[in-house]
Amino acid sequence: MAHSLLLFGVALVSAMTDAGAILTPAYKDPSAPVEVRVEDLLSRMTLGEKVLQLCQYSLGKDINVNNMGERLSRIPSGSGAVIYRGGDRELRNSVQRRMMEESRLGIPLVFGYDAIHGYLTTYQVPLGQACSWDTSLTARLCSAVAQELRDEGIEWTFSPMVDVCRDPRWGRIVEGYGEDPYVNSAFAAASVTGYQGPEAARGDYSRLQDGRGVAACIKHFVGYGASEAGRDYVYTEISDQGLWETWMPPFKAGLEAGAMSVMSAFNDISGIPASACSYTLTTVLRDKWGFDGVVVSDWGAVEQLCRQGYCSTLKDAAAAALCAGVDIDMQSSAYDSFLEQLVSEGRVGEQVIDEAVRRVLRLKFRLGLFEHPYLEPAARQDKGEEMKEACESMAAESSVLLKNDSALLPLRSCRRIAVIGPLADDGDALTGCWRAGADASMTQTILSAVRQEFDGRCKVGFVRGCDVEGNPDRGGISAAVRLSSRSDVVILCLGEGARWSGENASRQHPRLPEGQLRLLKALRRTGTPLALVLVGGRPLILSDVVDDADAILETWQPGTYGARSVAGIISGRINPSGRLAVTFPRSEGQIPIYYGRRSPARDAGAGLYKDGSSEPLFPFGYGLSYSMLEYSNLRVGKAGDGFEASVDVTNKGSLDAQEVMLWYIRDVVAGVTRPMYELKHFERLDVPAGETVTFSWSIDPGRDLSFVDRKGERHLESGDFVIYAGGPPATALCCPLTLP
Ligand code: BGC
């Protein structure tokens, strides 16, 4: 309170001359500090005006089925925010004009949109990006997207999604960075830095004010990825230990990178819905972590508190969400309908509303919206070439070679290539879900890229065989078999359609459809060597596929320009280097399956499945290269207050390679039992043919050897540790370390 009075005093001073004549209000003075502007504006607002700042509507069309457009006239003047897909400069500016000119104080709207993996151009989906282990490339892509968004009049993006997920049935597994909290944390920080610029973490918002960055929104806070049985919008059972160890860390990392907003989730966490959970939204986010940005609810999450059986009326839901810490109500119309009434009835204190409004205004000042509310007809920054190159690099680094018997790939000597399958000539599937403003017809297909890659060298034939659902084309399988029989090699493109993953896209059997399998088996019988190229948004269960392909390349949904890199891996122009950031199960019965399990109570041999293997089909960290990379000489020594671990990698092959080194620890005995392997560091380096490169990791004990307890407190205990370096933990080199 003292703080606000002081700021208010400053505001008055800057608003009046010595003679007392009223000048421009302090909130309109760009040279005044943001907090002064916030307090000045807040002091001028009526309760009704404040409430409108806490409401988000939608504007224009949106391909997300949940997000139907709302008519312009239904957005009240003085509203806080809209979801706007872009593409209509006139519409955007006319709505903004209403806010600026028809509302008493002229507070600009903030326009937000989901750029999950690109905007005008899509690039590899986040799950795929994680398999590149290249956070700097993700940061570069996000920074280019930020510019595309700003050029479209969008200043806020509902990205990144950092929900750890260990269940391939859940469609939204595609939107996050896999099963590991550390990987999600690293990519959370990279994306936020890309969108907002690195300076934002230090409180310097100049890039955002210059129209070169967008505010990031880390979502969905918290635990949404624990959705029961892989279904969407359902209950999540989360222990206190799991909350702190698994679900929270990516959010903390995103906030440390300066994220300006957080989205509260749909899920009901152990009995308290995430959008009404004052423990996570206020005790942790505000009080413990000191977050001063905006919390926006997920779409309709306030209204859903009634459906979840937590509130009986929309009015109660408005009170519950606001008091728990949700500043902006996305699409429930709970705040605009009831907050004023709740204040007059004394059920919600006006200071709670003031606090939420402060955060919204702070975001708008930090974004420079008061100075630049309109989308000016300035020349667009053409990021086309830069984007194309970065998208191709991401597709190259994120594709994971899962199998390569008899070194079928790369194709060096064949003359006749058969490209077969429903995903071969399908740019839509490669574009993926959440495609924002991208035009899927611009996405290069794998067929077109293979033709381009082998142009003049090989004859490339094509038969689709069946559609993505597996329904055979007329004469499809026999035509495919004929083409296979007269070819030297088959490149078979199978997998999922674009919207088989993403929101509300759970699958009970995350496998290839029957018809696609039939096509594979028929081609196998021709005896022609077969490379399976997979497209899709989740780890598929491949146990009924793996023996029928000589090579398997997982490409995920590599986006507008990804196909060229897929073709480059097939030809050998690119040496594959991706590693799985998510485990591929053998069967549905193994789910949830992930590498970071605790040690079982009995020795190996006990507690296994009686009716099948207990091991995954492809473990976390797995990925082949065309080069033979040999690891040796893992050593750990004291260095300053910590330790230095190093390992040598020798490229015994004839192709230059890039290698991703994953560093894990095991804390052998601890006050809270620890996973058998915990990823703590990773690095991607060039390893030229014939050379040896040393990978190193500086171990900071407080950061890397400590663990968190169920209250979120960190502990560092002396004792024995094991350090691992490699790909999948079970095959990594290891070395002991003792912390005195
Ligand atoms: C999704 C969010 C998204 C929001 C706005 C919701 O349905 O769960 O992830 O940001 O819509 O599009």
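Residues numbered from 1 in each chain as written. Predicted model: local features only at pLDDT ≥ 70, side-chain atom pairs only at ≥ 80, totals over all residues. Heavy atoms only, no water.

(A) Just the sheet that holds strand β6 (residues 235–236), in detail. Overall, mixed pairing links the three strands, which are arranged β6-β8-β9 in an open sheet. A strand with exactly one partner marks an edge of an open sheet, and here the two such strands are β6 and β9 (272–273). Relative to strand β8 (residues 268–269), β6 runs parallel, the two sharing two bridges. Bridging across to β8, T236 finds its partner in I269. (Pairing = 2+ DSSP bridges. Helix = DSSP H or I, 4+ residues; strand = E, 2+ residues; numbered from the N terminus.)

(B) Local environment of the side chain of D648. Within the element layout of this structure, D648 appears in strand β19 (residues 642–651). Looking at D648, its side chain comes within polar contact range of the side chain of R635, at 3.1 Å. When near neighbours in sequence (up to four residues on either side) are disregarded, D648 contacts E630, Y631, S632, N633, R635, T692, V693 and T694. (Polar contact = N/O pair within 3.5 Å; in protein donor to acceptor, adjacent residues only side chain to side chain. Contact = heavy atoms within 4.5 Å.)

(C) Spotlight on the environment of F707. Topologically, F707 is positioned in strand β23 (residues 707–708). Measuring from C-alpha to C-alpha, the distance between F707 and G225 comes to 22 Å, with 482 residues separating the pair along the chain. The contacts of F707, once residues within four sequence positions are left out, are D667, A670, G671, V672, R674, E713, R714, H715 and E717.

(D) Spatial organisation of the environment of M248. Among the structural elements, M248 can be located in the loop between α9 (240–247) and α10 (249–256). In the structure, M248 is positioned 282 residues away from L530 in sequence and 43 Å away in space, judged by C-alpha atoms. In contact with M248, not counting residues within four places along its chain, are F221, V222, L243, T280, V284 and W289.

(E) Representation of the pattern of salt bridges. All chains considered together, the criterion is met by 48 salt bridges. Where D550 meets R524, a salt bridge forms, and the shortest distance between an N and an O atom there is 3.0 Å. One end of the pair, D550, is in the loop between β16 (530–535) and β17 (551–554); the other, R524, is in helix α20 (residues 514–525), and 26 residues separate them in sequence. Given the relative accessible area of 25%, R524 is considered partly exposed. Counted as one network, the salt bridges with shared partners bring together E39, R286, D327, E355, R358 and R359. (Salt bridge = Lys/Arg side-chain N within 4 Å of Asp/Glu carboxyl O. Buried < 20%, exposed > 50% of the residue type's maximum accessible area, 1.4 Å probe, protein only.)

(F) Layout of helix α4 (residues 89–102). Spanning 14 residues, α4 covers 19 Å between terminal C-alpha atoms, matching the ideal 20 Å at 1.5 Å per step. Of the residues making up α4, those classed as buried are R92, N93, V95, Q96, R98 and M99. On its buried face, α4 is in contact with β1 (55–59), β2 (81–84) and β3 (110–113). (Expected span 1.5 Å × (residues − 1).)

(G) Summary view of the domain arrangement of the chain. With domains assigned, the chain is organised as domain 1 (1–35), domain 2 (45–366), domain 3 (399–590) and domain 4 (629–739). For domain 2 versus domain 4, the separation of C-alpha centres amounts to 35 Å. Listed by partner, the interface residues are 14 residues for domain 2 and 16 residues for domain 4. When domain 2 packs against domain 4, close to 1200 Å² is buried across both sides, 60% of that on carbon and sulfur atoms. Its largest share of buried area at the contact with domain 4, domain 2 owes to W133, Y182 and Q241, together 48% of the area lost on that side. In this structure, the connection of domain 2 to domain 4 is made through two salt bridges. A salt bridge links E245 to R674; its shortest N-O distance comes to 3.0 Å. Elements that contribute at least two residues to the side of domain 2 that touches domain 4 include exactly α7 (181–196) and α9. Split into classes, the residues belonging to the side of domain 2 that touches domain 4 amount to six nonpolar, three polar and five charged. (Domains from an automatic or database assignment. Buried area = accessible area lost by both parts, 1.4 Å probe. Nonpolar A, V, L, I, M, F, W, Y, C, P; charged D, E, K, R; others polar.)

(H) Quick peek at the packing of aromatic side chains. On inspection of all chains with the given rule, the structure shows 22 aromatic pairs. With 5.1 Å between their ring centres and 75° between their planes, W133 and F682 make a pair best called edge-to-face. Within this pair, whereas W133 is found in the loop between α5 (126–130) and α6 (135–151), its partner F682 is found in strand β21 (residues 678–687), the two being separated by 549 residues in sequence. Each member of the pair, W133 as well as F682, carries the same accessibility label: buried. Considering the side-chain rings of Y595 and F620, the 4.2 Å spacing of their centres and the 25° angle between planes classify their relative orientation as stacked. Separated by 25 residues along the polypeptide, Y595 in the loop between α21 (563–571) and β18 (629–639) and F620 in the loop between α21 and β18 bring together distant segments of the chain. Across the pair, exposure class does not vary: Y595 and F620 are buried alike. Above the ring of Y374, the side-chain terminus of R97 is found at 5.1 Å from the ring centroid. In this arrangement the basic side chain of R166 is found over the ring face of Y594, its NZ or CZ atom lying 4.0 Å from the centre. (Phe/Tyr/Trp six-rings, centres within 6.5 Å; stacked < 30°, edge-to-face > 60°. Lys NZ or Arg CZ within 6 Å of the ring centre and 35° of its normal.)

(I) View of the packing of helix α16 (residues 384–398) against α21. Closest axis-to-axis distance for the α16/α21 pair is 8 Å, and the angle between their directions is 45°. When the axes of α16 and α21 are compared, the pair comes out oblique. Considering how the two elements wind past one another, α16 and α21 form a crossing that is right-handed. Across the interface between the two elements, E392, A395 and A396 from α16 touch R564, S565 and I569 from α21. (Axes fitted to C-alpha atoms, helices over the stretch in contact; angles between N-to-C directions. Parallel < 35°, antiparallel > 145°, perpendicular 65-115°, else oblique. Left-handed = near helix turned anticlockwise from the far one by under 90°.)

(J) Structural detail: the packing of α7 against α10. At a closest axis distance of 8 Å, the pairing of α7 and α10 adopts a crossing angle of 25°. In terms of axis orientation, α7 runs roughly parallel to α10. Judged by the sense of rotation from one axis to the other, the crossing of α7 with α10 is right-handed. Judged by residue contacts, P181, N184, S185, A188, A189 and V192 of α7 engage P249, P250, A253 and G254 from α10. Within the contact of α7 with α10, the residues separate by chemical class into seven nonpolar, three polar and no charged.

(K) Structural view of the sheet that holds strand β26 (residues 733–739). Taken in spatial order, the four strands line up as β21-β20-β25-β26 in an open sheet, and their pairing is antiparallel. Each of the sheet's edge strands pairs with one partner strand only, and the pair in question is β21 and β26. Averaged over all neighbouring strand pairs, the angle between strand axes comes to 20°, with direction disregarded. With nine bridges connecting them, strand β20 (residues 657–667) and β21 associate as antiparallel partners. Residue pairing for β21: I665 is matched across the bridge by E678.

(L) Layout of the state of the cysteines. Within this structure, the stated rule accounts for zero disulfides. Cysteine C142 shares no disulfide, and the gap to the nearest cysteine sulfur, in C391, comes to 11 Å. Judged by its relative accessible area of 1%, C142 falls in the buried class. Looking at C165, it has no disulfide partner, and the nearest cysteine sulfur is the one in C433, 13 Å off. According to the relative accessible area criterion, C165 is buried, its value standing at 0%. (Disulfide = S-S within 2.5 Å.)

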